[in-house]
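A structural walkthrough
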Amino acid sequence: MLALTTLSDVDVRDAAESDVVAGLPARLVARPTSPEQVSALMRAAYEDDLVVVPRAAATMLHWAPRPTACDVILDLSAMDRVLEHQAGDLIVSAEAGTPLSRVQEAVRASGQRLAIDEVVPGSTIGGLIATNLSGPRRVAYGTARDLVIGVSTVRADGVMAKSGGKVVKNVAGYDLGKLMVGSHGTLAIVTSAYFRLHPIPEAAVWLRATAPSPRSAQSLVHQAVHSQVVPAAVEIDAHPTGETTISVLLEGTSVGVAARVDRMATALGATTAESPIGDLGLPGTDAQPLLKITSQLSAVTEIAQTAVDLGLHVRGSAGAGVLFAAVPDSVDIVRAVDILRAESTAAGGATVVLRGAPDHLDAWGPVPALDLMRSVKNRFDPQHLLSPGRFVGGL
Amino acid sequence: MSNSSTPASARLVPEVGLGSVDVVRARLARELPPGALITDRTRLRTYECDGLLLYRVTPALVVLAQDADMIQRAVRACSDARVPFVARGSGTGLSGGALPHADGVLIVTSQLRTIREISPDDQRAVVDPGVINLQVSEATRPGGYYFAPDPSSQQICSVGGNVAENSGGAHCLKYGFTTTHVTSVNMVTPQGDSITLGTRAPDAPGYDLLGTFVGSEGTLGVATEITVRLTRSPESVQTLLAGFRSTDDAGAATSAIIGAGIVPAAIEMMDALAIEAAEAAVACGYPDGAGAVLVVELDGPREEVEHEFAQVQQMCQEHGSFEIRVAADDEDRAAIWRGRKSAFAAVGRISPDYIVQDGVIPRTALAAVLREMNELAERRGVRVANVFHAGDGNLHPLVLFDESIPGQGDTAEEVSGAIIDLCLEHGGSITGEHGVGSDKAHHMPKMFTADDLDTMQLVRCAFDPAGIANPGKIYPTPRLCGERPGKRTEPHPAQLAGQAEVF
Ligand SMILES: Cc1cc2nc3c(=O)[nH]c(=O)nc-3n(C[C@H](O)[C@H](O)[C@H](O)COP(=O)(O)OP(=O)(O)OC[C@H]3O[C@@H](n4cnc5c(N)ncnc54)[C@H](O)[C@@H]3O)c2cc1C
Ligand SMILES: Cc1cc2nc3c(=O)[nH]c(=O)nc-3n(C[C@H](O)[C@H](O)[C@H](O)COP(=O)(O)OP(=O)(O)OC[C@H]3O[C@@H](n4cnc5c(N)ncnc54)[C@H](O)[C@@H]3O)c2cc1C
């Protein structure tokens, strides 16, 4: 008998047909309601040597490479409460399964927001931390990495541990929150987190300008990014056929934004718009493989040009150096990744296949300091029971 | 199913054993140019402490590195011989982070002062670890950019030290701490490997080891080259100095400003005693009779700054400011900041001795904490001057005392410790920017459980299984890396054998 199934008061059931991770069926689904239950479940799983994959809203559970095994899905959707909102201190904390939209709702009444774009509808706090999801506003506010100020976690062996805290300024001990961000559920289970908030600006206006190609949009991007008008976002959207669009977001006071919009519009030859192209969403359809390409700022338009020349639809943050590209069926993904990986690496970045990597393609590509990452993984999860095989270097 | 390359059982083997620094000295004497090695007792004493003068230890050996390769050679020699090493930048740290190890090597980076690259187009600069913070801004400002983290020590502290401490400064309320402004670090691991963390671009794939390294106080290795993010120079800057009758009034004004959704570049507060000290030192001409002053700075696009600056002035008035001085030009602005930035040093003018504390509280607890702090000081018969980053609740109480009066030093230390407890009671932190170092390791268990600290040690053990990188800092009694986590029953055999005390 598995220790996991004998826990009293904890919801553990056999997996249903829909409980799969990237196509891999799970055996059990556990649905804890508290960090203590997560701890008990992890302890039991550790004892039984069971592989655990955390799941929140499952909006993008299928994205990373398939895990090498999946005994238990740890379903965090019942841990969905906003725990604390201190408006005067501009902080909020919420459980891992809380949808971002619910956090936003809770703080909006005080004129505040968690400055993370909801790029994929339904995203939860745990999923956001695990994937370091980001959208256009990262130019002004950074990503989850920059906004998380404290995390509570449960380790693979069931031990509960926290780092950071509820004050913005804090250098006591290691910043393990950062280590959790982007770790794709392979280091520990995040049970809750504290974030810093920002005031909702009085006014927000998008501007749009177009150019025939990414390469010819270079000067538009350069002007927007290096402007003292301080854009909150500089987005690029480019198709193999059709124009390249540059969208610029200005946020601030009504008076200030009106004047800044005028100046930026004149400089770029831009017009105001309701939203950026495609709102905040990712390019392509859900069925298409998706790449994330990062580079130094000065190389963004050239890399976008390469992607477009290869037949990809590119969209992303030209102001941060982060592009997403959708790969249509007609394009050889292996060749495209090869070319883009070489170019982005030379420009100080990387190319990662977020979704839909064929089995023979390394989704993550070469990663510096991999040996050290491996030893961090081995310390946190010596048995490799947390989402094994999903992460860099097969971790 | 388990594809771990290190089986769990291997972790049970303790990795301990302290080698002799004599072996390292002999090896480095062969491997390094003569000028790079300091062995002379008198010169070694130059490095016996950092900005926290309270603790002094003479290092056994100092390496004055002239390039990254020398750092690597020094660390390799330490690693092979299992000898502790401590990195040191400019030695301005206030928590004893760069306090040397008596039987170890101090690796000094202060000669590594080359700015390798400035690229405004990429908003990046690449610098040696010993480059002085302010020099980065001076070198990049002509191209329209600067390096945002600005500790008050920016004229002397090194970027390597900033990275190790995750330093803050007056402007990090709006712009964030050092960690937001570093995208990549070349470092030598405690095992002597030279590796790169992060990339020039954001979101490097893999674990965010860089984010963990920043703020690790030299316990995870030595930074040899740092890529920093540059910030566009603001089009407009406006600074004001507002005098208030009390810190309560100044605090209320601060809350009003933040509550209105304004994010100033800086909001700094000084209380009456701190003003007195600053006046004595630099005659900054702060408003007469002020019980508190606020320095508020806004920066950004011209129109935004103008609009919000008017609001800020009004809010200061509404909350009792009796005098507001607006800087008309850069010179005025410098004068306003001079008083604030000299405050620490200035306290020496009004008190023979003082302790700088560095605690954090949720900003809304400010009034309560200041009141309780004053009661505490009064009860114990010492004075406390306050200079702090009001916007983010980072307090720097200066506990004044006179060492020549028997017992006062001890009392001041007790008060200083009690202030930390006060911060924790209000949900804050034991340090906002100066770090834990040697000074506050004993406070860590008040903020974190044994399990929390053990978990941090997992990272330490991954980087530094032999525990030779700046041992004794940050963590009160870190366990040996080979031990099973979660079971702490008796002293480790190696400790009993007298081999492992340093860890
Ligand atoms: C490899 C990968 C890369 C992605 N990159 C991007 C990107 O760059 N940009 C973008 O817009 N979107 C990205 N996404 C999409 C992003 O995952 C979703 O938008 C959203 O954040 C997922 O939220 P969710 O709550 O539905 O999580 P789920 O889909 O349920 O889970 C997502 C991932 O997070 C892990 N996870 C969930 N909760 C926890 C927890 N509490 N503790 C630890 N791990 C947990 C899961 O195991 C899984 O690996 C990425 C997704 C993946 C899998
Ligand atoms: C008057 C005064 C005002 C100050 N004001 C502020 C302030 O406003 N904000 C603030 O945050 N701090 C402030 N400080 C503290 C101090 O200046 C900072 O912590 C600074 O970052 C230390 O830099 P340093 O080069 O002097 O480092 P050091 O004191 O030499 O070292 C500090 C720590 O960093 C480690 N270290 C140094 N170099 C490296 C390296 N290359 N690789 C790895 N580890 C390394 C050391 O081992 C040590 O643990 C102030 C100090 C003084 C004296």
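Residues numbered from 1 in each chain as written. Chains lettered and ligands numbered in written order. Predicted model: local features only at pLDDT ≥ 70, side-chain atom pairs only at ≥ 80, totals over all residues. Heavy atoms only, no water.

Remarks on the overall build of chain A
Tallying secondary structure elements over chain A gives eleven helices and 21 strands in all. Computed over its C-alpha atoms, the radius of gyration of chain A comes to 22 Å, within 12% of the 21 Å expected for a compact globule of 395 residues. Overall, the C-alpha framework of chain A stretches about 70 × 50 × 35 Å when taken along its three principal axes. Residues classed as buried in chain A amount to 65% of the 395 residues present. For chain A, the accessible area works out to roughly 13400 Å², and carbon and sulfur atoms hold 51% of it. Computing the positive centroid from 32 side-chain charges and the negative centroid from 40, chain A places the two 5 Å apart. (Helix = DSSP H or I, 4+ residues; strand = E, 2+ residues; numbered from the N terminus. Rg over C-alpha atoms; globule rule 2.2 N^0.38 Å. Buried < 20%, exposed > 50% of the residue type's maximum accessible area, 1.4 Å probe, protein only. Areas by Shrake-Rupley, 256 points an atom, 1.4 Å probe, with all protein chains shown as cover. Lys, Arg positive; Asp, Glu negative; His and termini not counted. Charge placed at Lys NZ, Arg CZ, Asp CG, Glu CD.)

Topic: the interface of chain B and chain A
Opposite the 96 residues of chain B that make contact, chain A presents 90 residues. Measuring nitrogen to oxygen at the nearest pair gives 2.8 Å for the salt bridge that ties A:Lys292 to B:Asp203. Applying the counting rule to chain B against chain A returns 29 residue pairs in polar contact (both at pLDDT 80 or more). The greatest single-element share of the side of chain B that touches chain A, amounting to eleven residues, is contributed by helix 16 (residues 450-463) of chain B. Split by residue class, the side of chain B that touches chain A holds 38 nonpolar, 35 polar and 23 charged. (Contact = heavy atoms within 4.5 Å. Salt bridge = Lys/Arg side-chain N within 4 Å of Asp/Glu carboxyl O. Polar contact = N/O pair within 3.5 Å; in protein donor to acceptor, adjacent residues only side chain to side chain. Nonpolar A, V, L, I, M, F, W, Y, C, P; charged D, E, K, R; others polar.)

Here we look at the confidence of the model for chain B
Residues and elements named next belong to chain B. Of all residues in chain B, 92% attain a pLDDT of 70 or more, and the chain-wide mean is 90. Below a pLDDT of 50 lies the segment residues 485-495, which in the model reaches 20 contacts outside its immediate sequence neighbourhood of four places, other chains included. When the criterion is pLDDT under 50, residues 498-503 qualifies, and its contacts beyond four places in sequence or with other chains add up to 15 contacts. Interface predicted TM-score (ipTM) for the complex: 0.96; the corresponding pTM is 0.93. (pLDDT = per-residue confidence, 0-100.)

Here's the deal with the pattern of salt bridges
This structure, assessed with the given rule, holds 46 salt bridges over all chains. One salt bridge in this structure joins B:Asp452 and A:Lys162, with 2.7 Å as the shortest N-O distance. Of this pair, B:Asp452 sits in helix 16 while A:Lys162 sits in strand 11 (residues 160-164), each in a different chain. Relative accessible area serves as the criterion here: at 31%, A:Lys162 is assigned to the partly exposed category. Put simply, B:Arg56 and B:Glu48 hold a salt bridge, and the shortest N to O gap is 3.1 Å. Look at B:Glu48 and you get buried, because its relative accessible area is 11%. Each of the salt bridges in this network shares a partner with another, and the network as a whole consists of A:Arg13, A:Asp19, A:Arg31, A:Arg55 and A:Asp75.

Some words on the nonpolar core
With 179 residues, the main nonpolar core has A:Ile129, A:Phe195 and B:Leu209 as its most contacted residues. Ranked by residue count, the leading element in this core is helix 14 (residues 408-425) of chain B, at seven residues. Excluding residues within four positions of it along the chain, A:Ile129 makes contact with A:Val148, A:Val151, A:Met180, A:Val181, A:Gly182, A:Val190, A:Ala193 and A:Phe195. Core analysis: the next-biggest nonpolar cluster, separate from the first, contains 27 residues, B:Leu37, B:Leu61, B:Ala65 and B:Val222 among them. (Core = buried A, V, L, I, M, F, W, Y, C linked by side-chain atoms within 4.5 Å.)

Section: the environment of B:Ile336
Residue and element names in this part refer to chain B. Positionally, Ile336 belongs in helix 11 (residues 330-341). Measuring from C-alpha to C-alpha, the distance between Ile336 and Tyr207 comes to 43 Å, with 129 residues separating the pair along the chain. In contact with Ile336, not counting residues within four places along its chain, are Thr239, Leu240, Leu241, Tyr286, Val295, Arg325 and Ala327.

Notes on the sheet that holds strand 11 of chain A
All names here are of chain A. Read from one edge of the open sheet, five strands run 7-8-12-10-11, paired in antiparallel fashion. With one partner strand each, in any of the chains shown, strand 7 (82-86) and strand 11 form the two edges of the open sheet. The sheet shows a mean angle of 15° between the axes of neighbouring strands, taken without regard to direction. By the bridge criterion, four bridges tie strand 7 to strand 8 (residues 91-95) in an arrangement that is antiparallel. Counted as the bridge partner of Val82 is Ala94 from strand 8. Against the sheet, helix 1 (residues 35-48) touches strand 10 (148-155), strand 11 and strand 12 (188-196), its axis set at about 40° to strand 10. (Pairing = 2+ DSSP bridges. Axes fitted to C-alpha atoms, helices over the stretch in contact; angles between N-to-C directions.)

Concerning the site of ligand 2
Residue and element names in this part refer to chain B. In the vicinity of ligand 2 there are 33 residues, among which Ala87, Gly89, Thr92, Ser153 and Ser158 approach most closely. In this structure, Ala87 approaches ligand 2 through a main-chain N or O atom, which is 2.6 Å from an oxygen atom. In the model, an oxygen atom of ligand 2 is placed 2.7 Å from a nitrogen or oxygen of the Gly93 main chain. Protein burial of ligand 2: of its 970 Å² of free accessible surface, 94% is covered by the chains. When residues of the shell around ligand 2 are traced back to their parent elements, those giving at least two are strand 3 (85-88), helix 5 (159-165) and strand 10 (222-229). Here the shell around ligand 2 takes five residues from helix 5, the largest share from any one element. Within the shell around ligand 2, the residues separate by chemical class into ten nonpolar, 19 polar and four charged. (Near = heavy atom within 4 Å.)

With respect to the sheet that holds strand 15 (residues 233-238) of chain A
Residue and element names in this part refer to chain A. Across the sheet, eight strands lie side by side as 17-14-16-15-19-20-18-21; this open sheet has antiparallel pairing. The sheet is open, and its two edges are formed by strand 17 (271-273) and strand 21 (350-355), each paired on a single side. Within this sheet the neighbouring strands show an average axis-to-axis angle of 25°, counted without direction. The strands that helix 8 (residues 254-268) touches are strand 14 (203-211), strand 16 (244-252) and strand 17; relative to strand 16, the one it contacts most, it runs at about 155°.

Things to note about the pairing of strand 15 of chain A
Residue and element names in this part refer to chain A. Of all six residues that make up strand 15, six are buried, and the element is covered over most of its length. Taking every second residue as pointing to the same face, both faces of strand 15 are buried, with Ala233, Glu235 and Asp237 on one and Val234, Ile236 and Ala238 on the other. Alignment of strand 15 against strand 16, held across six bridges, turns out to be antiparallel. Considered in strand 16, the bridge of Val234 is made with Val248. In this structure, the hairpin formed by strand 15 and strand 16 is closed by a connection of five residues, where Gly242 is found at a positive phi of approximately 105°. Sheet topology note: the strand 15/strand 19 (residues 313-317) ladder contains four bridges and is antiparallel. Bridge pairing links Ala238 to Val314 in strand 19.

Remarks on helix 11 of chain B
Residues and elements named next belong to chain B. For helix 11, built from twelve residues, the straight-helix expectation of 16 Å at 1.5 Å per residue is met to within 8% by its first-to-last C-alpha distance of 15 Å. Listed in full, the buried residues belonging to helix 11 are Arg333, Ile336, Trp337, Gly339 and Arg340. Along the axis of helix 11, the buried residues cluster in a sector spanning 150°; they form a single face. The distance from a side-chain oxygen at the start of helix 11 to the backbone nitrogen of Glu331 is 3.2 Å, and the residue carrying that oxygen is Asp329. (Expected span 1.5 Å × (residues − 1). Arc of directions from axis to C-beta.)

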